[in-house]
Each structure stands twice: as C-alpha cells, then as structure tokens.
Amino acid sequence: MSETDRLVAAAADYPVRFVGPYAAAPGRPRTRVAIVACMDARIDVFSLFGLEPGDAHVIRNAGGLVTEDALRSLAISQRALGTEEVILVHHTRCGMQGLDDEALARDLEAATGRRPSWSAGGFADPAEDVRRSKAIIEADPFIPSKQVRGFVFDVNSGVLEEI
C-alpha cells in the first residue's frame with residue numbers, strides 16, 4: 001500500500017467528523033485573516049495559531065513566498081471573501097534558505113531538457129525575506145488592506161518571533 005493509499009483510506013471516515021462542526025462554517029473566514037506560510041510539514045499553522053477549519057485562509061508554498069499566485073489568492077481572499085489582515089510565516093532551517101535558484105534551474109534543465117519558467121525563490125535570511133514579502137504585499141494595488149504582519153517560526157523551539 002502506498003502512502004497515498006494509506007492517507008485516502010484514513011480519510012474514509014472524515015465525512016462523519018466534518019459534517020458536524022465544519023460543514024456549517026461560513027465560506028468567509030471567521031477571523032478575516034489570510035496566512036501565507038511555508039509548506040514545511042513541521043509547521044501546523046492551525047495548531048500554531050489556535051485555529052479551526054473555517055477560521056482563516058491558509059496559502060502555502062515552498063518558503064512561504066509572496067509569489068504571483070500568492071498575490072492572486074490574497075486579492076481574491078480580500079476582495080471577494082472578506083479578509084482584512086495578512087500573516088506571513090517563514091521559519092528557521094527552511095529548505096529555501098541558501099537555495100541557489102540558478103543551480104536548481106540548471107539541474108532541472110539538465111534532467112528535462114527545459115528550464116523552468118519560474119524562479120525557485122531561494123533566500124539567505126528568513127527574517128529579511130519576511131520583510132521583502134511584506135513590502136511586495138504593501139506595494140500590490142490589488143490588495144486593498146495593508147494590515148500585514150510577519151513572523152519567523154523556530155522549528156527547534158516552537159517560538160514564533162515577530163519581524
């Protein structure tokens with residue numbers, strides 16, 4: 001049995017758990033918050049912030065980067081679904097920290113014969129990348145609310161530090 005098969009089998013009883021508390025949750029997040037976070041499996045965004053399904057939009061990608069697609073999601077979250085605040089979550093020991101975008105692009109091209117159309121977005125310092133991400137949101141004309149706060153989560157201690 002593959003890991004995906006195991007996970008799909010575990011989801012078989014989810015409708016029983018879902019129908020009660022979550023099916024009635026509003027389509028708009030109760031907290032009016034959108035969170036952009038790294039996809040790292042060590043970060044449980046819901047537990048970290050004491051959230052339940054229906055409380056916030058959570059947008060995740062490698063590095064928690066504010067990419068064109070993250071901006072698209074934030075614009076929809078704010079303009080169509082009522083969120084007003086943004087939380088950015090980067091973390092220590094991130095795989096994107098120190099990643100050489102050009103070396104990765106060369107490796108992918110060598111393996112496939114094609115260069116990716118995207119940049120991986122490697123960065124040197126998670127705190128500095130939080131600042132950069134915040135500036136991107138603040139400059140975006142499609143994001144009406146500029147209430148943005150950024151944090152670095154320490155994966156060793158569980159401490160969340162505001163940047």
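Cut-off values and rules
Residues numbered from 1 in each chain as written. Predicted model: local features only at pLDDT ≥ 70, side-chain atom pairs only at ≥ 80, totals over all residues. Heavy atoms only, no water. Helix = DSSP H or I, 4+ residues; strand = E, 2+ residues; numbered from the N terminus. Buried < 20%, exposed > 50% of the residue type's maximum accessible area, 1.4 Å probe, protein only. Polar contact = N/O pair within 3.5 Å; in protein donor to acceptor, adjacent residues only side chain to side chain. Contact = heavy atoms within 4.5 Å. Salt bridge = Lys/Arg side-chain N within 4 Å of Asp/Glu carboxyl O. Disulfide = S-S within 2.5 Å. Pairing = 2+ DSSP bridges. Axes fitted to C-alpha atoms, helices over the stretch in contact; angles between N-to-C directions.

Visitor: Residue-level account of unusual backbone geometry, with values.
Guide: For Arg32, which is not glycine, the phi torsion reads 65 degrees and is therefore positive. In this fold, Arg32 is placed in the loop between helix 2 (14-19) and strand 1 (33-38). Its relative accessible area of 38% is what places Arg32 among the partly exposed residues. One non-glycine residue, Arg93, adopts positive backbone phi at about 55 degrees. By secondary structure assignment, the location of Arg93 is in the loop between strand 3 (85-91) and helix 5 (101-112).

Visitor: Requested: an account of the side chain of His90, with residues and values cited.
Guide: Within the fold, His90 resides in strand 3. Within the structure, the side chain of His90 is placed 3.4 Å from the backbone oxygen of Gly63, a separation counted as a polar contact. If we ignore the near neighbours within four places in the chain, the residues touching His90 are Gly63, Gly64, Leu65, Phe123, Pro126, Asp129, Val130, Ser133, Phe151, Val152 and Phe153.

Visitor: An account of the pattern of salt bridges is requested, with residue identities and associated values reported.
Guide: Using the criterion set out here, one finds 11 salt bridges in the structure. The partner of Asp40 in a salt bridge is Arg42, with the nearest N and O atoms 2.7 Å apart. By relative accessible area, Asp40 is classed as buried at 16%. For Glu128, the salt bridge identified is with Arg131, shortest N-O distance 3.2 Å. You can see Glu128 and its partner Arg131 sitting in helix 6 (residues 126-139), three residues apart, about one turn around the helix. On the accessibility criterion, Arg131 (43% relative accessible area) is partly exposed. Because the salt bridges share partners, they merge into one network encompassing Glu102, Arg106, Glu109 and Arg115.

Visitor: So what's going on with the state of the cysteines? Residues and values would help.
Guide: By the definition in use, this model includes zero disulfides. With no disulfide of its own, Cys38 has Cys94 as its nearest cysteine by sulfur position, at a separation of 4.1 Å. Take Cys38: its relative accessible area is 5%, and that puts it in the buried class. Given the relative accessible area of 7%, Cys94 is considered buried.

Visitor: Describe the sheet that holds strand 5 (residues 160-162), listing the residues and the values that go with them.
Guide: Read across the open sheet, the five strands follow the order 2-1-3-4-5; overall the sheet is mixed. Looking at the sheet topology across the chains shown, the edges are occupied by strand 2 (56-61) and strand 5. Geometrically, the sheet is characterised by an average inter-axis angle of 25 degrees between neighbouring strands, direction not taken into account. Direction of pairing for strand 3 relative to strand 4 (residues 147-153): parallel, over a ladder of seven bridges. Bridging from a neighbouring strand, Val86 pairs with Val148 of strand 4. Packing of helix 4 (residues 68-79) onto the sheet brings it into contact with strand 1, strand 2 and strand 3, and relative to strand 2 it is tilted by some 175 degrees. Running over the sheet, helix 6 touches strand 3 and strand 4 and is turned about 155 degrees from strand 3.

Function cannot be read off these values alone, since they describe shape.
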